[in-house]
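Chain by chain, the residues run as shown.
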Amino acid sequence: MRTLILLLLCTLGLPAAPTAAQTPEPADGTRVESADVLLFPTEQLSPGLRRDIEALAGKPLSRPDVTALARRIEEERPEVVVAVRIDARDNGEARVFFLVARISDDANLGTNINARYTVESVEIEGLDEHEISAPLRDRIKALVGTRLDPVEADAIVEKLKAERPGYNVVRRIERGTRRGQIRVVFKFTETEELRWIPFQKSRSKFVFHSENGWSGLHDIPMGSRVHRVTAGLAYDDNDTLVEEYSGARVRFETRQLGTERVGASLEASWLNNTWREPVLAALALDPSLTEPYRHRVSVDPMVTVAITRHLRATGGLSLSSLESLHQSPASQMASAVTGGLFFSQTWRPEHRTRQIVDAGYELRTSVDGFGSDFDYTRHFARARYEFRNRHNTVIAEVFGGGITGQPPLFERFTLGDSTTLRGWDKFELAPAGGNRVFHQSIEYRFHGAALFLDAGSVWDNGRERQLRASTGFGFHIEHFFATVAFPLDAPGEGATFMMGVRF
Amino acid sequence: MTPPAARAAGIALVALACLGVPYRLAAQSLTVRAAGDMLQVRGSGLRLIESAVAEHLKDGRSVRVDFEMTILDKAQGAAVTQNRQSFVLSFDLWEQRYAVTRTGAAPRSISHLTARDAEAWCVENLSIPLTALGRFSRDLPFWVRVEFRVQEQPPPPDDTQGPLALRTLIEVFSRRGSEQALDRTFTAGPFRIGN
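Here the structure is a predicted model, which means the values were calculated and not measured.

What counts, and at which threshold
Residues numbered from 1 in each chain as written. Chains lettered and ligands numbered in written order. Predicted model: local features only at pLDDT ≥ 70, side-chain atom pairs only at ≥ 80, totals over all residues. Heavy atoms only, no water. Contact = heavy atoms within 4.5 Å. Buried area = accessible area lost by both parts, 1.4 Å probe. Salt bridge = Lys/Arg side-chain N within 4 Å of Asp/Glu carboxyl O. Polar contact = N/O pair within 3.5 Å; in protein donor to acceptor, adjacent residues only side chain to side chain. Helix = DSSP H or I, 4+ residues; strand = E, 2+ residues; numbered from the N terminus. Nonpolar A, V, L, I, M, F, W, Y, C, P; charged D, E, K, R; others polar. Buried < 20%, exposed > 50% of the residue type's maximum accessible area, 1.4 Å probe, protein only. Pairing = 2+ DSSP bridges. Axes fitted to C-alpha atoms, helices over the stretch in contact; angles between N-to-C directions. Patch = residues over 30% accessible without salt bridge, like charges linked within 9 Å, V, L, I, M, F, W, Y side chains within 5 Å. Areas by Shrake-Rupley, 256 points an atom, 1.4 Å probe, with all protein chains shown as cover. pLDDT = per-residue confidence, 0-100. Phe/Tyr/Trp six-rings, centres within 6.5 Å; stacked < 30°, edge-to-face > 60°. Lys NZ or Arg CZ within 6 Å of the ring centre and 35° of its normal.

**Section: the interface of chain B and chain A**
Taken residue by residue, the interface counts 37 residues in chain B and 50 residues in chain A. Between chain B and chain A, roughly 3,600 Å² of surface is buried when both sides are summed, and carbon and sulfur atoms account for 55% of that area. Remark: the boundary between chain B and chain A carries 3 salt bridges. A salt bridge links Arg116(A) to Asp92(B); the nearest nitrogen and oxygen atoms lie 3.1 Å apart. Across the chain B-chain A interface, the total number found is 18 residue pairs in polar contact (both at pLDDT 80 or more). For the side of chain B that touches chain A, the elements supplying multiple residues, two or more each, are strand E4 (79-92), strand E5 (97-102), strand E6 (108-113) and helix H4 (165-173) of chain B. Within the side of chain B that touches chain A, the residues separate by chemical class into 15 nonpolar, 13 polar and 9 charged.

**Comments concerning the pattern of salt bridges**
All names here are of chain A. Evaluated as defined, the whole model comprises 54 salt bridges over all chains. Of the charged contacts, one joins Arg463 and Asp286 as a salt bridge, the two residues approaching to 3.0 Å between their closest N and O atoms. Here Arg463, found in the loop between strand E19 (449-459) and strand E20 (468-477), pairs with Asp286, found in the loop between helix H7 (277-285) and strand E12 (293-306); they are 177 residues apart in sequence, far enough to count as distant. Judged by its relative accessible area of 9%, Asp286 is buried. One network of salt bridges, with partners in common, ties together Arg203, Asp219, Arg228, Arg249, Arg251, Glu253 and Glu267.

**With respect to the pairing of strand E1 (residues 29-35) of chain B**
All names here are of chain B. Pairing between E1 and strand E2 (residues 38-44): 7 bridges, direction antiparallel. Pairing of Arg33 across the sheet is with Gln40, part of E2. A loop of 2 residues connects E1 with E2, the two strands running antiparallel in sequence, and Gly36 in this loop sits at a positive phi of about 65 degrees.

**A few points about the side chain of Asn112(A)**
Along the chain, Asn112(A) turns up in the loop between helix H4 (107-111) and strand E4 (118-125). A distance of 2.9 Å separates the side chain of Asn112(A) from the backbone nitrogen of Asn114(A), its partner in a polar contact.

**Some words on the sheet that holds strand E9 (residues 183-191) of chain B**
All names here are of chain B. Strand order in the open sheet made by the 6 strands is E6-E5-E4-E3-E8-E9, with antiparallel pairing throughout. Of all the strands in the sheet, the pair left with one neighbour each is E6 and E9. Adjacent strand axes in the sheet meet at a mean angle of 20 degrees when their direction is disregarded. Seen against the sheet, helix H3 (residues 115-124) touches strand E3 (63-72), E4, E5 and E6 and runs at an angle of roughly 160 degrees to E6.

**Notes on a nonpolar patch on the surface**
Residue and element names in this part refer to chain A. Together, Met222, Val229, Val250, Phe252, Leu266, Trp270, Val297 and Val299 line one region of the surface with nonpolar side chains, adding up to about 650 Å² of accessible area. For the nonpolar patch, the elements supplying multiple residues, two or more each, are strand E10 (244-254), strand E11 (262-274) and E12. Looking at Val250, the relative accessible area reads 40%, which means it is partly exposed.

**Considering the confidence of the model for chain B**
All names here are of chain B. Within chain B, residue pLDDT values average 75, and 69% of them lie at 70 or more. Across chain B, element-level confidence peaks in E5 with a mean pLDDT of 94 and bottoms out in helix H5 (residues 175-182) with 42. pLDDT under 50 marks residues 1-26. Its contacts with residues more than four places away, or in other chains, come to 8 contacts. Low confidence marks residues 171-181, where pLDDT is under 50. Its contacts with residues over four positions away, or in another chain, come to 13 contacts.

**Description of the environment of Val226(A)**
All names here are of chain A. Topologically, Val226 is positioned in the loop between strand E8 (213-223) and strand E9 (227-237). In sequence terms Val226 and Pro198 are 28 residues apart; their C-alpha atoms lie 9.7 Å from each other. The residues contacting Val226, other than those within four sequence positions of it, are Phe199, Glu253, Thr254, Arg255 and Gln256.

**Considerations on the packing of aromatic side chains**
What the rule picks out here adds up to 14 aromatic pairs over all chains. Relative to Tyr235(A), the ring of Phe206(A) has its centre 5.7 Å away and its plane inclined at 25 degrees; by these criteria the two rings are stacked. Of this pair, Phe206(A) sits in strand E7 (residues 205-209) while Tyr235(A) sits in strand E9, and the two are 29 residues apart along the sequence. By relative accessible area, which is 22% here, Phe206(A) ends up partly exposed. Site record: aromatic cluster; members linked through ring pairs are Phe67(B), Phe87(B), Trp121(B) and Phe148(B). The side chain of Arg422(A) reaches across the aromatic face of Phe452(A), ending 3.8 Å from its centre. We note Arg502(A) situated over the ring of Phe481(A); from NZ or CZ to the ring centre the distance is 4.3 Å.

Right under this line is the structure:
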């Protein structure tokens with residue numbers, strides 16, 4: 001019986017409206033010879049509905065009336081769907097059939113009620129269809145003229161994703177131009193990895209460190225896919241630099257200056273600085289270090305050129321005015337030329353496996369032409385590799401840097417925060433930071449649970465260098481993390497707890 | 001953070017928490033009745049088909065929802081018996097009505113439903129045999145806990161608009177709220193079979 005139902009549904013097509021492929025049907029106004037309900041016991045319909053169906057016989061054919069009766073059957077018996085077939089008789093009259101099928105008898109209908117409708121057309125949005133392989137295009141076109149097969153449509157979505165990495169693909173269905181017909185739309189949207197120039201990553205975080213308390217940065221980007229303005233706030237951030245700072249910044253970015261390969265940004269920031277006692281004590285002990293400041297106002301214009309989709313070069317300026325902490329309102333200028341080379345690429349060798357490589361080198365060197373009171377050059381290089389396979393993630397990261405000359409304190413390197421040498425306290429390890437740094441980290445995550453090992457050193461050139469290490473475990477669930485870390489080979493040092501959100 | 005700032009942040013958090021309370025209290029209601037030899041539950045105000053789920057459905061896609069009904073001996077007590085059932089929801093684009101299919105060994109489907117009726121139909125199809133209630137079928141009070149989880153999540157937001165950190169922040173701090181939209185639990189009682 002079930003096979004018969006499916007055969008009829010497939011043969012006749014659903015629902016009421018006939019498709020162009022079917023044989024011509026009698027025109028409206030043709031006398032109806034009879035009207036029958038098939039595959040469903042009519043006694044289960046209300047007497048009024050039965051009477052109205054029977055009353056079709058002998059009257060001129062009216063498709064709206066027939067369609068309305070089919071809908072009444074469905075409304076009265078919501079567990080079924082109804083198709084209408086109108087046959088021409090040799091005597092010039094018409095026969096009307098209401099073909100009734102239980103939804104639960106058809107797996108496709110049970111999965112999606114729209115499987116009762118015939119696919120009128122298939123459209124691809126966001127990508128030229130010629131960028132899809134011919135076999136897959138043929139498979140997509142084969143949907144047209146048949147009842148919607150949700151399983152097949154979803155399988156096509158997966159195939160499209162596999163064939164066009166870098167795109168999100170979603171399927172949606174819309175009403176067609178005629179009742180009972182639908183349009184299937186496969187919509188492609190480019191992900192960030194396909195852009196020539198990415199926007200700057202959000203720095204937003206609220207982090208608690210058991211030794212150093214709370215730090216907060218919040219970026220609020222607004223704009224379009226090409227231009228963006230980011231308002232940023234900092235709340236007592238002691239997790240990034242030697243200094244602790246609060247304040248605001250505004251950043252304007254465009255990633256299309258005539259071409260998508262050239263972008264530019266301009267950032268201005270106003271920061272109030274505070275200094276922990278250990279930092280001030282370390283600065284007092286070392287007269288070779290530059291002096292601390294109470295306010296830092298910076299302007300950073302930059303141009304980015306994409307050499308390839310994965311390799312970008314940057315060049316710009318960094319202009320900072322530093323108001324002295326001890327001799328306010330006296331101030332100093334820290335002006336530098338900046339440049340960098342950055343590489344970023346994601347590979348998806350197979351479904352559920354992803355490899356990401358990020359690497360970069362950045363140079364900052366002071367320039368006399370902009371009245372800099374500091375004379376220095378800073379080099380910094382980093383590389384990060386991430387491998388994901390289902391619930392397993394391995395992250396390996398390494399960075400190193402060196403500074404020559406006398407840099408402002410915000411350029412000095414630190415270790416021992418929520419991302420580096422976790423378990424060590426930066427204000428004990430090297431309160432005033434160092435002009436040399438090296439750090440590496442390896443972390444394994446399974447679902448949300450994480451194990452890691454950090455090692456590194458921060459020191460001043462010409463002084464003793466000591467390699468430190470730490471290990472720990474924690475949880476990373478989407479934006480949230482909680483970590484307990486232990487310094488290694490450090491008698492008397494206890495565990496450090498860190499938690500927060502990065503988004 | 002300075003003390004006044006910390007106090008202000010604390011007040012803001014408490015205020016946000018308080019804003020959520022009336023909604024949660026007023027959200028759902030459950031009633032039970034014996035229908036033949038089955039215990040049937042009726043629920044309203046599930047708020048399952050709304051926002052992202054409703055948008056997903058109106059794009060012609062389907063959503064699977066796993067329901068679990070548990071009979072408890074107290075509000076937070078031990079489970080007496082349990083019934084799990086999955087449903088597939090879809091939205092008929094031409095009829096502008098929802099369809100629901102109960103999956104499993106004895107599939108059952110219904111269409112032409114409003115969103116609220118579709119939600120209620122899912123709960124009604126979580127019946128439990130009265131015999132499974134044991135002594136609670138003999139006038140002892142019991143509680144009913146209904147949980148549901150939307151299995152097919154709507155797709156992630158289109159990232160062509162850039163990484164909207166404000167939206168992300170809202171999502172982060174409303175995580176509890178959004179989980180309630182897609183993964184909710186509510187308990188009602190006490191009920192007696194005689195009622």
